[in-house]
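Observations on chain architecture
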Amino acid sequence: MASSPLIISSIEKHTASVIFLHGLGDTGHGWGAALQMLKLPHIKYICPTAPSMPVTLNAGIKMPSWFDLKSLNADGPEDEEGIKRASERVFQMIEAEEESGIPSNRIVLGGFSQGGALALYSALRYSKPLAGVIALSCWLPLYKQFPFASAGHNDMPIFQCHGDLDTIVPYKWGRMTHELLKTFMNKVELKTYRGLCHSSNEEEMRDVANFLEKLVQ
């Protein structure tokens, strides 16, 4: 990782962890305040910052990015090598939590936009079942490789959230991802937020808190 992640320690005994990945150009601190507001005392939140790299979509300007973004077209070229490399880093973070005593089925992967895309891809590929996935305003990278690329943990809950006015990661991408996931995953929910652009809001964060409470009480 480019720098040390933001860690929000649990208030009570640490029995579950959430690894949350930010969107393009952001840092781990960008979601810290929102996650702290969830008030789930037994959960530790880990918010890493992506390494800085040139991003093709942004004229090659360097910024925090989990992998290169080459196109805004659903069928455009993807940075397969970069996506897989970033996913390996996510696996290392999960393994570090496991080594600290938190089993994989008490670890949630989450993220927003590009970070949500990486979280979703990594969770589907991880060798052990995770507690679940929070996929905000995102898509499934390398989607043509699924369901064959999936590790097969078909009962892992996935909670997708997407604003219907999102023009950065179009809402239709969220719907297409949802339809694909439903073909091989058993617990997939897509919540649509009317009037929401490429961002989050209080209603969405309440829904995320409720989802987390059900997953890792």
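Rules used throughout
Residues numbered from 1 in each chain as written. Predicted model: local features only at pLDDT ≥ 70, side-chain atom pairs only at ≥ 80, totals over all residues. Heavy atoms only, no water. UniProt positions renumbered as here; feature names shortened; annotations may be inferred. Helix = DSSP H or I, 4+ residues; strand = E, 2+ residues; numbered from the N terminus. Disulfide = S-S within 2.5 Å. Buried < 20%, exposed > 50% of the residue type's maximum accessible area, 1.4 Å probe, protein only. Salt bridge = Lys/Arg side-chain N within 4 Å of Asp/Glu carboxyl O. Axes fitted to C-alpha atoms, helices over the stretch in contact; angles between N-to-C directions. Parallel < 35°, antiparallel > 145°, perpendicular 65-115°, else oblique. Contact = heavy atoms within 4.5 Å. Nonpolar A, V, L, I, M, F, W, Y, C, P; charged D, E, K, R; others polar. Expected span 1.5 Å × (residues − 1). Polar contact = N/O pair within 3.5 Å; in protein donor to acceptor, adjacent residues only side chain to side chain. Pairing = 2+ DSSP bridges.

Observations concerning the UniProt feature "domain: Phospholipase/carboxylesterase/thioesterase" (unreviewed entry) in the protein
Under the local residue numbering, the UniProt record ascribes the feature "domain: Phospholipase/carboxylesterase/thioesterase" (unreviewed entry) to residues 5-215. A helix fraction of 30% and a strand fraction of 23% characterise residues 5-215, whose end C-alpha atoms lie 23 Å from each other.

As for the state of the cysteines
Among covalent bonds in proteins, the disulfide is the one between the sulfur atoms of two cysteines. Counted under the stated rule, the structure contains zero disulfides. Between Cys47, a free cysteine, and Cys138, which holds the nearest cysteine sulfur, the sulfur-to-sulfur gap is 16 Å. The class of Cys47 is buried, set by a relative accessible area of 1%. This cysteine, Cys138, is not joined by any disulfide, and Cys161 carries the nearest cysteine sulfur, 9.1 Å off. Assessed through its relative accessible area of 2%, Cys138 is described here as buried.

Considering the pattern of salt bridges
Here the structure, examined in full by the defined rule, presents ten salt bridges. The partner of Asp75 in a salt bridge is Lys144, with the nearest N and O atoms 3.6 Å apart. One end of the pair, Asp75, is in the loop between strand E5 (61-64) and helix H2 (80-99); the other, Lys144, is in the loop between strand E7 (132-136) and strand E8 (158-163), and 69 residues separate them in sequence. For the pair shown, Asp75 and Lys144 are each scored as exposed. Among the ionic contacts, a cluster of salt bridges with common partners joins Arg175, Glu179 and Lys182.

Considering the packing of H2 against helix H3 (residues 114-125)
As a packed pair, H2 and H3 sit with axes 9 Å apart at the nearest point and diverge in direction by 70 degrees. When the interaxial angle is binned, H2 and H3 end up roughly perpendicular. Each of Ile83, Lys84, Ala86, Ser87, Val90 and Phe91 in H2 lies in contact with H3, whose residues at this interface are Leu118, Tyr121, Ser122 and Arg125. In terms of residue class, the contact of H2 with H3 is built from six nonpolar, two polar and two charged.

Some points on helix H5 (residues 202-215)
In a regular helix each residue adds 1.5 Å, so 14 residues correspond to 20 Å; H5 covers 20 Å between its end C-alpha atoms and thus fits that length. By the burial criterion, the buried members of H5 are Glu204, Met205, Asp207, Val208, Ala209, Phe211, Leu212 and Leu215. N-capping of H5 is provided by Asn201, with a side-chain oxygen placed 3.3 Å from the backbone N of Glu203.

Points about the sheet that holds strand E2 (residues 16-21)
Pairing in this open sheet of seven strands is mixed, and the strands run E1-E3-E2-E6-E7-E8-E9 from one edge to the other. Taken across any chain shown, the strands that pair with only one partner, and hence form the sheet edges, are strand E1 (3-8) and strand E9 (188-193). Direction aside, the axes of adjacent strands within the sheet are offset by 15 degrees on average. Where E2 meets strand E3 (residues 43-49), four bridges bridge the pair, whose relative direction is parallel. In the strand pairing of E3, Ser17 is matched with Lys44. Lying over the sheet, H5 contacts E2, E3, strand E6 (107-112), E7, E8 and E9, oriented at roughly 170 degrees with respect to E7.

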